[in-house]
Amino acid sequence: MKALFGWLFLGALVMGAPVAAQSPPRFGGPWRLGVTMGTSTFNGAAAATDESGTDLVFRPYRPTMAGIGISYGRERTRLEFSAKYGQPGIGFRAVPDNGSGSVSSGVLIIAEDAFHLASFTASAGTRLVRLRGGPALRASLGVTMDRWTAQGTPSRTRFGPQAGLTLEFALTSALFASIDGELGFVPGSPFLEEDLPEGFRLTSMWRRTIGAGLSLRL
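In this text, all values refer to a predicted model and were calculated from it rather than measured experimentally.

**What to know about the pattern of salt bridges**
All told, the structure shown has seven salt bridges when counted by the stated rule. Residues Glu-75 and Arg-130 are paired through a salt bridge, measuring 1.8 Å at the closest nitrogen-oxygen approach. On the criterion of sequence distance, the pair formed by Glu-75 in the loop between strand 3 (64-73) and strand 4 (77-86) and Arg-130 in strand 7 (residues 116-130) is long-range, its members being 55 residues apart. For Arg-130, a relative accessible area of 26% corresponds to the partly exposed category. The network of salt bridges with common partners includes Arg-32, Arg-78 and Glu-168.

**Quick word on empty space enclosed by the protein**
This structure, assessed with the given rule, holds three cavities of 30 Å³ or more. The computed volume of the largest cavity comes to approximately 670 Å³. Around the largest cavity, the lining is made up of 43 residues, and of these Thr-36, Glu-80, Thr-166, Ser-178 and Asp-180 lie nearest the centre. Residue composition of the lining of the largest cavity, grouped by class: 16 nonpolar, 19 polar and eight charged.

**Re the pairing of strand 9 (residues 156-170)**
It is a general feature of regular strands that their side chains alternate between the two faces of the sheet. Of the strand pairs in this sheet, strand 8 (residues 136-149) and strand 9 are connected by 13 bridges, and their pairing is antiparallel. Directly across from Arg-138, in strand 9, lies its bridge partner Thr-166. What sits between strand 8 and strand 9 in their antiparallel hairpin is a turn of six residues, with Gly-152 showing a positive phi close to 85°. Both strand 9 and strand 10 (residues 175-186) contribute to a ladder of nine bridges, which runs antiparallel. Bridge assignment links Leu-165 to a residue of strand 10, and that residue is Gly-181.

**Some details on the nonpolar core**
Of all hydrophobic cores here, the largest spans 17 residues; its most connected members are Ala-46, Phe-58, Trp-148, Phe-191, Leu-196, Phe-200 and Met-205. When contributions to this core are tallied by element, the ones reaching two or more residues are strand 1 (31-49) and strand 2 (55-61). Among the elements that make up this core, the one with the highest residue count is strand 1 (four residues). Those residues within four positions of Phe-200 in sequence are excluded, and the remaining contacts are Ala-46, Ala-47, Ala-48, Leu-56, Val-57, Phe-58 and Phe-92.

What counts, and at which threshold
- Residues numbered from 1 in each chain as written.
- Predicted model: local features only at pLDDT ≥ 70, side-chain atom pairs only at ≥ 80, totals over all residues.
- Heavy atoms only, no water.
- Salt bridge = Lys/Arg side-chain N within 4 Å of Asp/Glu carboxyl O.
- Helix = DSSP H or I, 4+ residues; strand = E, 2+ residues; numbered from the N terminus.
- Buried < 20%, exposed > 50% of the residue type's maximum accessible area, 1.4 Å probe, protein only.
- 1 Å grid on protein atoms, 1.4 Å probe; cavity = no way out; pocket = protein on both sides within 12 Å on 5 of 7 lines; lining within 4 Å.
- Points joined across faces, edges and corners; volume = space filled by probe spheres on them.
- Nonpolar A, V, L, I, M, F, W, Y, C, P; charged D, E, K, R; others polar.
- Pairing = 2+ DSSP bridges.
- Core = buried A, V, L, I, M, F, W, Y, C linked by side-chain atoms within 4.5 Å.
- Contact = heavy atoms within 4.5 Å.

Dropping the structure here:
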């Protein structure tokens, strides 16, 4: 199913590129309804250093995030709300101190589908520039609420700011495609202290998301 969504997005982008190059989008109604799919990567969450100097890190691992969104506004400014769902794994990484000051690749162990993650974002977006041929580059700023659930542990909710850049172009007068990049910060960890081995500390977390979307002007 994930592969099918990916091919549908890719096909829409390829087929829509000539349309976008020939005519700029014509915005009408203020409401839009859309779907998105992307991949998130995380750093932080929990860390420790053992007696040999090896850096140890636990973090959520690369979920595919599928979602829906609705926005209100015109070409210049919009208010947006989205809901996304994915199943992050848990990545455990150990990077030994080799004493040379260079970066070592270390060891990465992954437990897949360890969490259920529901993410809700409210943001405001604006057009930065319209590129040659019609596509528009947009920026957004908002706040995200993440609901993390794992089997056998209490659910936990985390809030944080998020910024994004979107390249948007028209496939038809009412259908639009986008390529999205988002950067979010969570001043907390999705883990609980009782989830972790002794010696680990909870840390803040950054999230980077790359995705694509389709939206319909209503």
